[in-house]
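Structural features, examined
The primary structure of each chain is shown beneath.
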Amino acid sequence: MGVVHTLQFTFGIFGNAATLFLFLVPTFTFKRIIKNRSTEQFSGLPYVMTFLNCLLSAWYGLPFITSDNILVATINGAGAAIELIYVLIFLALAPNKQKGKILATLLLVLLVFAGAALVSLLVFHGKNRKLFCGTAATIFSIVMYASPMSIIRLVIRTKSVEYMPFFLSFAVVISCTCWFTYAMLGRDPFIGISTGVGLFLGIVQLILYAIYCDKKVLTNKSTDVSLEMDNGHSNVKLHYEEKQYNQSSHEQV
C-alpha cells in the first residue's frame, strides 16, 4: 500500500503540473483577444463551465469531503481563480448579445455551486456527502470536457483548426492521463470517470488536428501573388482576406 500511495501521490504531482499548464494555455488565446479587442469566433462558455468544474472539484477534494485528495483541492482552487479571470476578460470584450449569455451562465454557475455546497453540508454526512459531491463534480467535469464539442463541429465544417488550439487539446490529454492514473491507483471512481471521458475527447481533438492542421478553407476576396528573389530562390507569398463567419452561427469554442 505504501508503494501504491507513493505512486498515486507522484501522479497527483504530475497531474497538478499538467493541469496548471492546461489552465494557463488559454493565455495565448486571451492575448489575441485583448490585442484585437474582440472575442472573434471564440466562446466564453467553456471557461465558465471550467470555472464551475474547478469549484466543485476543489470542494470534493477538501478534507471534510474526502481524505487524501488535497492535491485535487489545491489545483482546482487555483484553476477556479484563473478561469474567473478569463471569464471577466471575455465579458469585457464580447459582443453585447454574447456577453449577456455568458453573464447569465456565470450567475447560474455560482448559484449551482452555492446550492451544492449548502446541500452537502446541511443534508448529507459521511459517505453520502462524498457520494453527493463526487457525483456533482463528475457530472460537471464531463460537461466541461464536452463543451468544446461545438468547436469540433466547426473544425469539421470549415476544415480548419484555427479556433481549436493544439496546445489546449494536448494539455487536456496529458492532464487527464495523469489524473486518470491517480484515480485508478486511489480507486476513486468519480475522478476516474470524468478524466476518462476527458482523455477520450482530448484524443478525438488531437486526431482532428492531425487531419485538418494543414487545411484551411478561406474565401478569397483578393489574391496577391508576389515573387521575391533571395539568393537564387523564389519565395511565393499568398495574401488572403479571410472570410468572416457570422458570429451568431457559432456559440462555443
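Residues numbered from 1 in each chain as written. Predicted model: local features only at pLDDT ≥ 70, side-chain atom pairs only at ≥ 80, totals over all residues. Heavy atoms only, no water.

In the nomenclature of an unreviewed UniProt entry, the protein chain corresponds to Bidirectional sugar transporter SWEET from the organism Nicotiana tabacum. Turning to the protein chain, the UniProt record has this under Subcellular location (unreviewed entry): "Cell membrane". The Function (unreviewed entry) comment attached to the protein chain in UniProt states, word for word, "Mediates both low-affinity uptake and efflux of sugar across the membrane." (UniProt positions renumbered as here; feature names shortened; annotations may be inferred.)

1. Notes on unusual backbone geometry
With phi around 60°, D68 is a residue other than glycine that occupies positive phi space. Among the secondary structure elements, D68 is positioned in the loop between helix 3 (45-61) and helix 4 (70-93). Overall, D68 belongs to the exposed group, its relative accessible area being 60%. The backbone of R187 shows a phi angle near 55°, a positive value even though the residue is not glycine. With respect to the helices and strands, R187 occurs in the loop between helix 8 (166-186) and helix 9 (189-212). Classification of R187 as exposed rests on a relative accessible area of 76%. (Helix = DSSP H or I, 4+ residues; strand = E, 2+ residues; numbered from the N terminus. Buried < 20%, exposed > 50% of the residue type's maximum accessible area, 1.4 Å probe, protein only.)

2. Some details on the packing of aromatic side chains
Summed over all chains, the structure comprises 10 aromatic pairs. Ring centres 5.1 Å apart and planes at 70° place the aromatic pair F30 and Y47 in the edge-to-face group. Taken together, the residues span a long stretch of sequence, with F30 in helix 2 (residues 26-36) and Y47 in helix 3 at a distance of 17 residues. Like Y47, F30 is buried. Seen from their ring centres, Y60 and F190 are 5.9 Å apart, and the 75° between their planes marks the pair as edge-to-face. Placement of the pair is Y60 in helix 3 and F190 in helix 9, with a sequence separation of 130 residues. F190 matches Y60 in its accessibility class, with the two residues each being buried. (Phe/Tyr/Trp six-rings, centres within 6.5 Å; stacked < 30°, edge-to-face > 60°.)

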